[in-house]
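Reading the structure
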Amino acid sequence: MPSPQETSVKSVVVPFEAGSSPAPLRRLAPDDVLERWHAVDRSAHAPHIVAVPDDDGENWGAAALVTARPHTAYLKIVDAVGDVPAAVTAVVAHARRQELVQVKWEGWTANPDDAAALDFVSLLPPLPRAQDAEGPTAGYVRWLADDAPTEPPYYGQTTHFTCGAVTALIAQAHAGVLSQDALDRRAELTLWREATNFPSCEPVGLGVAVRRTWPTSSVTVHLDTERPVLLDHFPEHDQEWRADLQRMSRADAGRVGVPIDPYPLSIAAIRSAIGRRDHVLLLVSLAGMQGFDVPHWVLCHGVVPGAVVVDDPWANAATGDTWVDAHSLPVPDAALDTMSVISADRFRGAVTIGRP
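Let me begin by describing the structure that accompanies this report. Nothing here was measured: the structure is a model prediction, and the numbers come from that model. (Residues numbered from 1 in each chain as written. Predicted model: local features only at pLDDT ≥ 70, side-chain atom pairs only at ≥ 80, totals over all residues. Heavy atoms only, no water.)

**Let's talk about unusual backbone geometry**
The peptide bond linking Phe198 to Pro199 adopts the cis configuration, its omega dihedral lying at 0 degrees. For Pro199, the location among the structural elements is in the loop between helix H7 (185-195) and helix H8 (203-213). Positive phi values are uncommon outside glycine, yet Asp119 reaches one of about 70 degrees. Mapped onto the elements of the fold, Asp119 is located in the loop between helix H5 (112-117) and strand S6 (121-122). In the Ramachandran plot, Arg346 falls in the positive-phi region, its phi being about 55 degrees despite a non-glycine side chain. Relative to the elements of secondary structure, Arg346 occurs in the loop between helix H13 (333-339) and strand S14 (349-353). (Helix = DSSP H or I, 4+ residues; strand = E, 2+ residues; numbered from the N terminus.)

So, in structure tokens, the structure goes:
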């Protein structure tokens, strides 16, 4: 429920325009903060400023830069300046008005005490990532819905093609099957090498690799086509041998006992699996969240009213997207259903991992 402070806060919302800052903001925000805000093109994430006017109404006493991935159910505070509690309270009220379920806060200038006083909790810090990964060392989250889901460790993929392997590793770490100390680049590349269709991981090959790596974990592949997938962008001669590898993976699935469900995995089924404490590796298109139609694996690990909570092992630093966005990310049911149709081939693919 909204607090009395949230219901009484008066704020204004203005677009954030790259290269320029309103005069009230320039008087309020330190130069290094404004420099960070303008350092990347955030336009894909609907950047806007939530400001709390002074009593005179001409200046601002507080302000926050707010962004979010499209087709999601959260807002992210990049920084809050001025009267920080007032700015953050205004953002939370802004999120509630939009019926969102989560507010995040990047830890560039925030500290744990300020965050805790405003009912935010620290996100688990990311495990070692690629050397060129960008983002704050800390992040905070406040769930606006009841029963916040448990948080898996966050590990960012270190290559452009190991998302499938990383989601499986995070799932097993969240389930307690894999220690967090073992979730590293060696594990990432080892599992990718077992699952790859060169260079991506298709659903059957990924499911077989998971089962071989953890024989006591139940694994089901969900794939609503029998034809080879994720091959249309290759020349014909390169499609042929990759298709042979996928047929070999189907034969391997039969030998190691991985069933292949020929029907698409619905959002209701994903919610049901998570309710059983299973994990769902879901193949999605990044067109909705990132603006380019590339197949990508995410981990579905929690549910809140109206949204499924995913972990995305990749963040687009060029748009100001960081691990804080990608970690414990709520995606509305309808949006996730749309994302799960891989547009080039019009198929859906997923891998469900049960507990041992």
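This is not the end of the story, as more comes after the structure.
**Some thoughts on the side chain of His296**
On the secondary structure map, His296 appears in strand S11 (residues 295-304). At 2.6 Å, the side chain of His296 forms a polar contact with the side chain of Asp312. With residues near it in sequence (within four places) discarded, His296 still touches Gln157, Cys163, Leu282, Leu283, Val284, Leu286, Asp312, Pro313 and Trp314. (Polar contact = N/O pair within 3.5 Å; in protein donor to acceptor, adjacent residues only side chain to side chain. Contact = heavy atoms within 4.5 Å.)

**Details of helix H6 (residues 163-174)**
Because the α-helix completes a turn every 3.6 residues, residues three or four places apart line up on one side. With 12 residues, H6 extends 16 Å between its outermost C-alpha atoms, agreeing within 8% with the 16 Å of an ideal straight helix rising 1.5 Å per residue. For H6, a buried count of 12 out of 12 residues is recorded, marking the element as mostly surrounded by other parts of the structure. Within the sequence span of H6, burial applies to Cys163, Gly164, Ala165, Val166, Thr167, Ala168, Leu169, Ile170, Ala171, Gln172, Ala173 and His174. Where H6 is buried, its residues touch H7, H8, strand S10 (279-285), S11 and S14. Remark: Gly176 follows H6 within two positions and exhibits a positive phi of approximately 85 degrees. (Expected span 1.5 Å × (residues − 1). Buried < 20%, exposed > 50% of the residue type's maximum accessible area, 1.4 Å probe, protein only.)

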